[in-house]
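# Per-entry structural report
Below are the chains, spelled out letter by letter.
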Amino acid sequence: VTLISTKPILAALMRQTAARVPFWFMRQAGRYLPEYRAVRAQARDFIALCLNPKLAAEITLQPIRRYGMDAAILFADILLVPHALGCGVTFREGDGPQLEPIRDGRRIAALETSIDRIGERLSAVGETLTRVATQLDPATTLIGFAGSPWTVASYMVEGRGGHDFSQIRRMARVEQRDFSALCDVLERATIAYLRMQIDAGAEVIQLFDTWSGVLPSDEFERWCIAPTKRIVAALKASHAAIPIIGFPRLAGANLEAYVRHTGIDGVGLDPTVPLDWAGQNLQPRVTLQGNLDPLLLTLGGDEMERCTRRIIAAWSQGPFIFNLGHGITPDVSPDHVARLSNLVRNVHLS
Ligand code: 1CP
């Protein structure tokens, strides 16, 4: 017997049709909210904030209280995994993350010794999830997450976030043994970390592959699809019912193979993905999630409303979760988020 979930996000991921469109927003907690900035000021630094269950749980719940999204996403960061592996991650105010770059085999081998301790070193994240779970309304879904190996490796190899992926792309091409070893460490650490999150109360997992779009097409299968497929299989082997959303940002025409071969239940789509194409080619297999351009949330107004209605009209006949095509930016007005939330909530489907 398949029970109809009382949680709209879970129902959508189980391909059940609903009377309204469930929604949440990537980066729904963060700097655009004054109450976030107030809590942020209480922590020594960003990592300390992520690893403080009381503060992180409070921040996770802030947008839910204001706007009533259908899902709360754990407040944490994809770079907690390299942090727990001992890579010296720091976040400098207004400057993005910095890491000690990892480019040689000896340093990669040294990371292996930390894999088994990942759950323990990030146990504060589990405590955050458990705290949030006890405070959430029964209709709201709790989402845990991690970065995919390729995206997390890009920060570890380059030493920072950013726009020049020359080091990681060189390593993936000509130092395949070392790079493969690095991705293997990340894959195993990510599986252990996500299992811990599910045991602590995460009801859905999202895998962020923010930088999958820089992969040349001949490397997409090896460094994006294959690791995602193994992570999905490992999580479903230990937690059969866990729905998984993949977000291969800017993957373009590779999306079709990603959806066909990874075993994910839902796919996060960035704003470049054509609505009709995704409806025809992806939605028969997986739940669609997306894809409003975050710039429209910054702009607000009628253009935001028009584009939102167009997305809903295109995708709400099948399994669908409304979201942005990438995260909320810090310049967004909280009023625009209220207007968008009310708009999506009040569209009733026939
Ligand atoms: O000073 C601050 O307050 C730091 C800003 C900030 C915040 C609020 C960072 C630094 N991370 C976060 C939280 C965060 N990161 C969440 C929380 C939950 C929510 O959505 O509300 C999530 C899911 C992430 C995931 C994340 N971190 C991604 C994948 C999603 C995406 O946006 O593409 C990536 C790429 C990161 C790395 C990262 N962390 C922080 C920054 C500024 C960055 C990006 C740096 C870059 O552009 O390369």
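Residues numbered from 1 in each chain as written. Predicted model: local features only at pLDDT ≥ 70, side-chain atom pairs only at ≥ 80, totals over all residues. Heavy atoms only, no water.

## Structural notes on the nonpolar core
- One finds Leu85, Phe179, Tyr193, Val267, Phe322 and Leu340 to be the most contacted residues of the largest nonpolar core, which totals 129 residues.
- Ranked by residue count, the leading element in this core is helix H11 (residues 176–200), at 12 residues.
- Aside from chain neighbours lying at most four places away, what touches leucine 85 is Leu111, Ser114, Ile115, Ile118, Met156, Val185, Leu186 and Ala189. (Core = buried A, V, L, I, M, F, W, Y, C linked by side-chain atoms within 4.5 Å. Buried < 20%, exposed > 50% of the residue type's maximum accessible area, 1.4 Å probe, protein only. Helix = DSSP H or I, 4+ residues; strand = E, 2+ residues; numbered from the N terminus. Contact = heavy atoms within 4.5 Å.)

## What about the environment of arginine 66?
- Along the chain, arginine 66 turns up in helix H4 (residues 53–67).
- Note on arginine 66: relative accessible area 39%, which makes it partly exposed.
- When the C-alpha atoms of arginine 66 and valine 337 are compared, they prove to be 9.5 Å apart, with 271 residues separating the residues in sequence.
- Not counting residues up to four positions away in its chain, the partners in contact with arginine 66 are Leu33, Pro34, Glu35 and Pro334.

## A short note on empty space enclosed by the protein
- Per the counting criterion, the structure on display carries one cavity of 30 Å³ or more.
- The space that makes up the largest cavity amounts to roughly 50 Å³.
- Around the largest cavity, the lining residues are Ser154, Tyr155, Glu158, Arg160, Gly161, Gly162, His163, Asp164, Phe165 and Trp211.
- Of the residues assigned to the lining of the largest cavity, the class counts are three nonpolar, four polar and three charged. (1 Å grid on protein atoms, 1.4 Å probe; cavity = no way out; pocket = protein on both sides within 12 Å on 5 of 7 lines; lining within 4 Å. Points joined across faces, edges and corners; volume = space filled by probe spheres on them. Nonpolar A, V, L, I, M, F, W, Y, C, P; charged D, E, K, R; others polar.)

## Observations concerning the sheet that holds strand S9 (residues 320–324)
- Taken in spatial order, the seven strands line up as S1-S4-S5-S6-S7-S8-S9 in an open sheet, and their pairing is parallel. The open sheet has two edge strands with one neighbour each: strand S1 (71–73) and S9. Going from strand to strand, the sheet's axes swing by 25° on average, the running direction of each strand aside.
- With three bridges joining them, S1 and strand S4 (residues 141–147) adopt parallel strand pairing. When the sheet's bridge partners are listed, alanine 72 is paired in S4 with leucine 142.
- Contacting strand S7 (266–269), strand S8 (287–292) and S9, helix H16 (residues 301–315) crosses the sheet at an angle of about 165° to S8. (Pairing = 2+ DSSP bridges. Axes fitted to C-alpha atoms, helices over the stretch in contact; angles between N-to-C directions.)

## Details of the environment of proline 334
- Checked against the element boundaries, proline 334 lands in helix H17 (residues 334–345).
- Remark: the alpha-carbon pair of proline 334 and arginine 66, spanning 268 residues in sequence, is separated by 9.2 Å.
- In this structure proline 334 touches Tyr32, Pro34, Arg66 and Tyr67, once residues within four positions along its chain are discounted.

## Considering the packing of H4 against helix H8 (residues 123–135)
- Following both chains from N to C, one finds H4 and H8 inclined at 45°, their axes separated by 8 Å at the closest point. As judged from the angle between their axes, H4 and H8 are oblique. Classified by chirality, the crossing of H8 by H4 is right-handed. Between H4 and H8, the residues in contact are Pro53, Lys54, Ala56, Ala57, Thr60 and Leu61 and Ala124, Glu127, Thr128, Arg131, Val132 and Gln135, respectively. (Parallel < 35°, antiparallel > 145°, perpendicular 65-115°, else oblique. Left-handed = near helix turned anticlockwise from the far one by under 90°.)

## Considering the layout of surface pockets
- Here the largest pocket defines a volume of roughly 1,300 Å³.
- Surrounding the largest pocket, 39 residues form its lining, Arg27, Arg31, Asp77, Phe91 and Pro97 being those nearest its centre.
- Mapped onto the lining of the largest pocket, the elements with two or more residues apiece are helix H2 (34–40), strand S2 (90–92), strand S3 (96–98) and helix H9 (149–158).
- Residue classes in the lining of the largest pocket are distributed as 20 nonpolar, 12 polar and seven charged.

## Observations concerning the packing of aromatic side chains
- In the structure shown here, the tally under the stated rule is 12 aromatic pairs.
- Centre to centre, the rings of phenylalanine 208 and phenylalanine 247 are 6.2 Å apart; their planes meet at 90°, and the pair counts as edge-to-face. Taken together, the positions of phenylalanine 208 in strand S5 (residues 204–209) and phenylalanine 247 in strand S6 (residues 244–248) put the pair 39 residues apart, joining distant regions of the chain. Summarising the burial analysis for this pair, phenylalanine 208 and phenylalanine 247 share the class buried.
- These aromatic residues form a ring-pair network of at least three members: Phe23, Phe25, Trp315, Phe320 and Phe322.
- Residue placement shows arginine 249 over the ring face of tryptophan 211; its charged tip is 4.9 Å from the ring centre. (Phe/Tyr/Trp six-rings, centres within 6.5 Å; stacked < 30°, edge-to-face > 60°. Lys NZ or Arg CZ within 6 Å of the ring centre and 35° of its normal.)

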